[in-house]
Structures are given as C-alpha cells and as structure tokens.
Amino acid sequence: MNILLWHVHGSWTTAFVQGPHTYLVPVTPGRDPDGLGRAETFSWPASVREVTPEELRDADVDLVLLQRPHELELAERWLGGRRPGRDVPAVYLEHNAPDGDVPNTRHPCADRDDLTLVHVTHFNHLFWDCGSTRTEVIEHGIVDPGHLYTGRIARAAVVVNEPVRRGRYTGTDLLPALSEAAPLDVFGMRTEGLAAHLGLPEERCRAADLPQSELHAALAERRLYLHPVRWTSLGLSLLEAMHLGMPVVALATTEAVEAIPAGTGTLSTRPDVLARAARHYLEEPEAAAEDGARARQAALDRYGLKRFLADWERVMTEARS
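Below is a summary of the structure that appears in this document. All values derive from a computational prediction rather than experimental measurement.

### Quick look at the packing of helix 9 (residues 236-244) against helix 12 (residues 285-302)
- At a closest axis distance of 6 Å, the pairing of helix 9 and helix 12 adopts a crossing angle of 120°. It follows from the interaxial angle that helix 9 and helix 12 lie oblique. Seen along the crossing, helix 9 lies across helix 12 with a hand that is left-handed. Residues Leu239, Met242 and His243 of helix 9 pack against Gly292, Ala295, Arg296, Ala299 and Leu300 of helix 12.
- Considered class by class, the residues forming the contact of helix 9 with helix 12 number five nonpolar, two polar and one charged.

### Focus: the pairing of strand 8 (residues 153-159)
- Buried residues dominate strand 8, accounting for six of its seven residues.
- Inspection of the sheet shows strand 8 paired to strand 11 (residues 222-227) by three bridges, in the parallel sense. Its bridge partner being in strand 11, Ile153 is matched across the sheet by Arg222.
- Relative to strand 9 (residues 184-187), strand 8 is paired through four bridges, and the arrangement is parallel. Pairing of Val159 across the sheet is with Phe187, part of strand 9.

### Describing empty space enclosed by the protein
- Overall, the coordinates contain one cavity of 30 Å³ or more when judged by the stated rule.
- One number sums up the size of the largest cavity: a volume of about 60 Å³.
- As for the largest cavity, its lining consists of Val158, Val159, Val160, Thr170, Gly171, Thr172, Leu175, Leu226, His227, Pro228 and Val229.
- Contributions of two or more residues to the lining of the largest cavity are made by strand 8 and strand 11.

### Looking at unusual backbone geometry
- Here the amide bond leading from Val102 into Pro103 is cis, since omega sits at 10°, within 30 degrees of zero.
- Looking at the secondary structure, you find Pro103 in the loop between strand 5 (90-94) and strand 6 (116-119).
- With phi around 60°, Asp101 is a residue other than glycine that occupies positive phi space.
- Mapped onto the secondary structure, Asp101 falls in the loop between strand 5 and strand 6.

The rules behind these values
Residues numbered from 1 in each chain as written. Predicted model: local features only at pLDDT ≥ 70, side-chain atom pairs only at ≥ 80, totals over all residues. Heavy atoms only, no water. Axes fitted to C-alpha atoms, helices over the stretch in contact; angles between N-to-C directions. Helix = DSSP H or I, 4+ residues; strand = E, 2+ residues; numbered from the N terminus. Parallel < 35°, antiparallel > 145°, perpendicular 65-115°, else oblique. Left-handed = near helix turned anticlockwise from the far one by under 90°. Contact = heavy atoms within 4.5 Å. Nonpolar A, V, L, I, M, F, W, Y, C, P; charged D, E, K, R; others polar. Buried < 20%, exposed > 50% of the residue type's maximum accessible area, 1.4 Å probe, protein only. Pairing = 2+ DSSP bridges. 1 Å grid on protein atoms, 1.4 Å probe; cavity = no way out; pocket = protein on both sides within 12 Å on 5 of 7 lines; lining within 4 Å. Points joined across faces, edges and corners; volume = space filled by probe spheres on them.

Structural data, given as structure tokens:
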C-alpha cells in the first residue's frame, strides 16, 4: 500500500514504518508541523518518501493515517478533494489520553461511520468517549535496541519532553523530592534550565537532549528508569527503557499499571514509595540488573515489533475492504 501519514510522533512512526509498505510523509519548504518530512534523529527506511502538497494532489494513496483533528480537512485539500474515509480509506490514530472533562471527554472522531479509530492503550480506549465510531486498540511496538543495560552510573534516568511547560501532567513537581533519593538525569526536548526552575543544584538534576541513537546508550548506563508521569499516554521511552533491560520505578497511573508487571520494578501512587525503590536500586545494583532483565522480557513479550505490525496490517486491510 501507499500510506499517507504526517510526521507527528517520531518514536511511534519509527516502529510503524518498519512494515512492508510505502509511506508518504508530507514535507513543506519550512518543515513546519504539517510538513516535517523524514525524521533527522530517527532511523527510517528508504520506503518512507517525502512528498509535497502539490505532489499529493495526483498521488496514488491507498490509505490515510490521520493523527490530529485538522488533518481531515488538510488531507482532503492536499489530495485534490478526495475525502478521507469516503474517497480514500482512513484510520485515525489517537496517541493521547483525553484532556478536559474526564471521564466525559468526547473524541473529535466520535460517531463517525467512515473511519476506524485506533487507540494506543486500553486506558485511552476506556476514557475517551468515541460514540458509535468503530474502535480498536493496537498497543505500542518497539524496535528492539538490545539488552544494553550496565547500570554503572548510580543515577536515575527520566525521559520527558517540555517538563516545565507540561508540569503536573509529567510529574515535574515531584522531581525535587525524588532527587533527594536518587540524583536525576532528565533527557528530552526543552529540558534546559530544569534544575534552576525546580530550585535544585545541577548535580541533583542534570538535563540533556540527545538523538535516539545516543539516548539508548545513555539510558542503559543509568541504574534505573524513573517514570513520575501523572497523566499522559504510555510513554514509548518507558517501554524502550524496559527493552534496554532497565528496572523501572513509576507512578501507578494510566497504562503504566498494565505495562509494568510484578518483578520488573515498583509501581505506586505514593511518591515516597517510589523514592524508597529508587534508593534501593542505587544501593543494590544486582537487584536492579535482575529486575531489569525481567522488565526486558516482559516488554519483548507484550510490545514486540512483529505483533505490532501484524495488528496494523489487519486493521488497515479491514479499513480498505
């Protein structure tokens, strides 16, 4: 198939484009959010092709994968009037947990009979009100980075984009207390100045923004992965950390309670419990490595790439029938 999708979520797309199709990714001269083109910091195969809006007008498109509400209108305009779901088969992928009026949040694609709505977690499916729209859950798939864990650096790794702006959603306010139990290395976009914002000395809360190729190696050197997120969808960085063989310490919120089985780390709604768990791993590196090995196996079993691509193949085939 020729599949049209926008470059919205680099990590998720990296897994999706490992399939057997041609992936048409819009590109604009300024590479704005509607035309980012190919990723620069992720490894994508040659089957991902950049296309301009002008080229899309006459392009052979077998399916449109929508990820943002305005893409319905954008796709119709760029495809020369062909309507997603009517003239071209369409699937809408919802990456996020609902925001606002939870648990009564209506999805923008609620009560549609012309497309399939796919959620990335069962939690999101439970909390979005999708009305009569056909819905599916396709859990994440991860391109396995390998069992790289050494844990030689006695610090906790956190991965979060824009922690200052997103604040309580990502548990940024919990970091000062957690940093007392374990010094933190926070990786992600717009993390600069985080320590000063939190009133912490730099040594207790270092920050860096690394490309994925460097991030995996850096994470694997840290003793544990800390996931203090209150309310977002299931972070792919958490699943990547588990694939690396890292033990995880996480708030028991959203889909984390499904993704992190017993023996792979600590789940709790109490930050003090998370702090004790982090301290335990710093003091007991062998226990950290053992739990990390179980975390890797659990992630491989549930979030393997083969299952992910097979699930998507089924849903896309059904959407075209």
